[in-house]
Structures are given as structure tokens and as C-alpha cells.
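The chain contents come next:
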Amino acid sequence: MQQTLAFRLTIGGEGNLRQYHLHSRWLAEVYVQTYLRLGKPVNIEQLVNGCWQPANI
């Protein structure tokens, strides 16, 4: 059984939160690097067995 990769990124900044659901680890890495360069706080989670869990990229 192949596991589907799904990442949820929550980008915080100045009162508004943005959330992205991505199905590519590579794309998630690009988003994280981009927002960190902009100085925004980034929270990343990965979908594992139907539950969102903290992830490291």
C-alpha cells in the first residue's frame, strides 16, 4: 500500500493566517524556504494515517 504524501503549511503573520495543503514534498520545501526568507513563521504538518502530525522538512 502506497502512502499519499500530504503536507499542511500554516503561515502566520500580522493577524492573518494562510494555510496551504500540498501533495509534494519538494513543493512544500519551496514554500517553507520562501516564507522563512520573508521572515514569516511557518508551521508544517504531514498527514499520517488520517491525522495531522508535526513534520520536519
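Everything below is about the structure printed above this text.
Fair warning: this is a prediction, and the values are worked out from it, not measured in the lab.

Asker: Quick rundown of the environment of Pro54? Include the residues and the values.
Answerer: Among the structural elements, Pro54 can be located in strand β4 (residues 51-54). For the pair Pro54 and Leu22, spaced 32 residues apart in sequence, the C-alpha separation works out to 15 Å. Sequence-distant contacts of Pro54, that is, excluding residues within four places in its chain, are made with Ile44 and Glu45.

Asker: So what's going on with the packing of aromatic side chains? Residues and values would help.
Answerer: Two aromatic rings, taken as a pair, are described by how far apart their centres are and by the angle between their planes. Within the structure shown, the criterion is met by 2 aromatic pairs. Where Tyr20 meets Tyr31, the ring centres are 4.9 Å apart and the plane angle is 70 degrees; that geometry is what we call edge-to-face. With Tyr20 in strand β2 (residues 16-22) and Tyr31 in helix α1 (residues 25-37), this pair connects stretches of sequence that are 11 residues apart. Here Tyr31 falls in the partly exposed class, since its relative accessible area comes to 25%. Judged by centre distance (6.1 Å) and plane angle (35 degrees), the ring pair of Tyr20 and Tyr35 falls under tilted. With Tyr20 in strand β2 and Tyr35 in helix α1, this pair connects stretches of sequence that are 15 residues apart. The exposure class of Tyr35 is buried, given its relative accessible area of 14%. Each member of the aromatic cluster is reached from another via a ring pair, and the members are Tyr20, Tyr31 and Tyr35.

Rules used throughout
- Residues numbered from 1 in each chain as written.
- Predicted model: local features only at pLDDT ≥ 70, side-chain atom pairs only at ≥ 80, totals over all residues.
- Heavy atoms only, no water.
- Helix = DSSP H or I, 4+ residues; strand = E, 2+ residues; numbered from the N terminus.
- Contact = heavy atoms within 4.5 Å.
- Phe/Tyr/Trp six-rings, centres within 6.5 Å; stacked < 30°, edge-to-face > 60°.
- Buried < 20%, exposed > 50% of the residue type's maximum accessible area, 1.4 Å probe, protein only.

None of the figures reported here should be taken as evidence of function without further support.
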